[in-house]
Amino acid sequence: MIEMYLLDRVKKIIDSQDIGKIPITYRKRLATFEALLNGNCAIERDVDCPFYLNDLGVREMNSPSLMYQLIIKRKYFEPFNLEKVEKDLQTIDLEKLADAMDGAFLLLGDYGCLFKVINLRYNDILQSRDYDLYIYSATVLSVLKDKRALDLFKVATRCPNESLFFQKMAYFRLAVAALKRFGRIDLTENSLTDTLNNSDGLTQLDRAILALLLDNFYGLYDLYNADDSHATNLGIKLSNYNALLLCDIILKDKDVPADRFDMVARYRNQIIINKAQLLLADQKIDDAKKLLINNLDETERLCPNYMAEILACLAYVCYLGEDYDQSMSYVKKDIQQFEVIGELVAMMETKKILMACYYSLGDIKSAQGVFKSLQESTSDRISKGFDMAYYKEIKS
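1. A closer look at the nonpolar core
Okay, so step 1: Leu 6, Tyr 26, Phe 77, Phe 80 and Leu 89 are the most contacted members of the largest nonpolar core, which totals 134 residues.
Okay, so step 2: Dropping the residues within four chain positions of it, Leu 89 is found in contact with Leu 97, Ala 100, Met 101, Ala 104, Cys 113, Leu 114, Val 117 and Arg 121.

The structure is reproduced here in structure tokens:
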């Protein structure tokens, strides 16, 4: 039995009489944390309990922090003691650190807390041979633009305890971080080459998945690196086309394992959104709208839990096309879905579309009501518990 402050507090919250008052998404996250720390790594994780620390785009994720702040603001339970949480993560056995970091971020969304732990235990993490620990730690450091992230991603590419496919995925993550977080074109190119090289040990399916990831990412690389805007635009469109084509081929294969199917289905959703954004960049609003509407049924069939993202994009496209009533219809469906899965930042961005629609229709009172709800949701710091000055001091 693991003894730690955070696990004990979570158990007490779950067993309390007031547990039913806590939003169901956060209750599921509490249960997920308890299961992780008790060794039940096989617990099913849905879209409302995501693996925030292995995001392929190394994006900064603020929704879990915002959810925690709102729960504390509404006094569902007393705040967690961050110093004790940090001590938990600083002293837990190394083989449990990845799960503890994953679960702690799910509950708190605090990059600062994780950074302090990674900084203190960096050498141990580097020598751990734990693929998940490398990826989680590197993702946190990437968000904070700490170059040690690149070293951890590199180590993950050689992790002896992981399959060749996931070693290749580590090269891909390294390429993304090098480009998006550090502007290292040279390292991006080398990492993309390493992703492609020596792949004979991969199955045809895994090679196809890597190819679609690289196709989609190459558009971003081209945007960063090309001098000719026309060539760049064409390159992005071609890479997007290839990625979508590969997705559709893979998803028609009845023998694709469930985990790979889900991965590709979710990625297909993002590629469709990227394609719609390309059409918008060309001022083809009607074409973007048609593309998204035509893919609603397919998205619902392939990955219904990820409908919210494509609905948000469709609401925005309808707004740009001045179809305000239709835009609001999509927004209202979307807000409910984002709230259910706990993506509060995306929910607030979608509310901004609703507010803009009301203003455009001359309904100032309703627009002001939406604005007030946004103010109430964002009155606290999203990066609670983390001081960038402290980070810079520790880093130096």
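2. As for the side chain of Asp 55
Okay, so step 1: Of note, Asp 55 is situated in the loop between helix H2 (24-37) and helix H3 (63-73).
Okay, so step 2: For Asp 55, the side chain forms a polar contact with the side chain of Arg 59, separated by 2.9 Å.

3. Remarks on the packing of H3 against helix H5 (residues 94-108)
Okay, so step 1: Closest axis-to-axis distance for the H3/H5 pair is 6 Å, and the angle between their directions is 55°. For the element pair H3 / H5, the angle class is oblique. Judged by residue contacts, Pro 64, Ser 65 and Tyr 68 of H3 engage Phe 105, Leu 106, Leu 107 and Leu 108 from H5.

4. A word on the environment of Phe 165
Okay, so step 1: Summarising the element assignment, Phe 165 is placed in helix H10 (residues 164-180).
Okay, so step 2: On the basis of relative accessibility, which here comes to 2%, the residue Phe 165 falls in the buried class.
Okay, so step 3: As for Phe 165 and Tyr 319, which are separated by 154 residues in sequence, their C-alpha atoms are 41 Å apart.
Okay, so step 4: Setting aside its immediate chain neighbours within four residues, Phe 165 contacts Leu 202, Asp 206, Ile 209, Leu 210, Arg 260 and Met 263.

5. With respect to the side chain of Thr 188
Okay, so step 1: Its place among the elements puts Thr 188 in helix H11 (residues 185-196).
Okay, so step 2: Setting aside its immediate chain neighbours within four residues, Thr 188 contacts Ala 175, Ala 178, Leu 179, Phe 217 and Tyr 221.

6. Brief notes about the packing of aromatic side chains
Okay, so step 1: Scanning the model with the defined rule gives nine aromatic pairs in all.
Okay, so step 2: The interplanar angle of 70° and the centroid separation of 6.1 Å between the aromatic rings of Tyr 131 and Phe 166 together place this pair among those described as edge-to-face. With Tyr 131 in helix H8 (residues 131-143) and Phe 166 in helix H10, the pair connects residues that are 35 residues apart, well separated along the chain.
Okay, so step 3: Judged by its relative accessible area of 6%, Tyr 131 is buried.
Okay, so step 4: Note on Phe 166: relative accessible area 27%, which makes it partly exposed.
Okay, so step 5: Following the ring pairs from residue to residue traces out a cluster consisting of Tyr 26, Tyr 68, Phe 77 and Phe 80.
Okay, so step 6: One residue, Arg 148, lies across the ring of Tyr 122, its end atom 5.0 Å from the ring centre.
Okay, so step 7: In this structure, Arg 260 is placed above the aromatic ring of Phe 165, and the distance from its NZ or CZ to the ring centre is 4.3 Å.

7. Observations concerning the confidence of the model for the protein chain
In regions of low pLDDT, the predicted coordinates are not meant to be interpreted in detail.
Okay, so step 1: Put simply, the protein chain has an average pLDDT of 88, and 92% of its residues get 70 or more.
Okay, so step 2: Within the model, pLDDT remains below 50 along residues 379-396, and this stretch shows 29 contacts once partners closer than five positions in the same chain are excluded.

8. With respect to the environment of Arg 207
Okay, so step 1: Position of Arg 207 relative to the elements: it lies in helix H12 (residues 204-225).
Okay, so step 2: On the basis of relative accessibility, which here comes to 37%, the residue Arg 207 falls in the partly exposed class.

Cut-offs applied
Residues numbered from 1 in each chain as written. Predicted model: local features only at pLDDT ≥ 70, side-chain atom pairs only at ≥ 80, totals over all residues. Heavy atoms only, no water. Core = buried A, V, L, I, M, F, W, Y, C linked by side-chain atoms within 4.5 Å. Buried < 20%, exposed > 50% of the residue type's maximum accessible area, 1.4 Å probe, protein only. Contact = heavy atoms within 4.5 Å. Helix = DSSP H or I, 4+ residues; strand = E, 2+ residues; numbered from the N terminus. Polar contact = N/O pair within 3.5 Å; in protein donor to acceptor, adjacent residues only side chain to side chain. Axes fitted to C-alpha atoms, helices over the stretch in contact; angles between N-to-C directions. Parallel < 35°, antiparallel > 145°, perpendicular 65-115°, else oblique. Phe/Tyr/Trp six-rings, centres within 6.5 Å; stacked < 30°, edge-to-face > 60°. Lys NZ or Arg CZ within 6 Å of the ring centre and 35° of its normal. pLDDT = per-residue confidence, 0-100.

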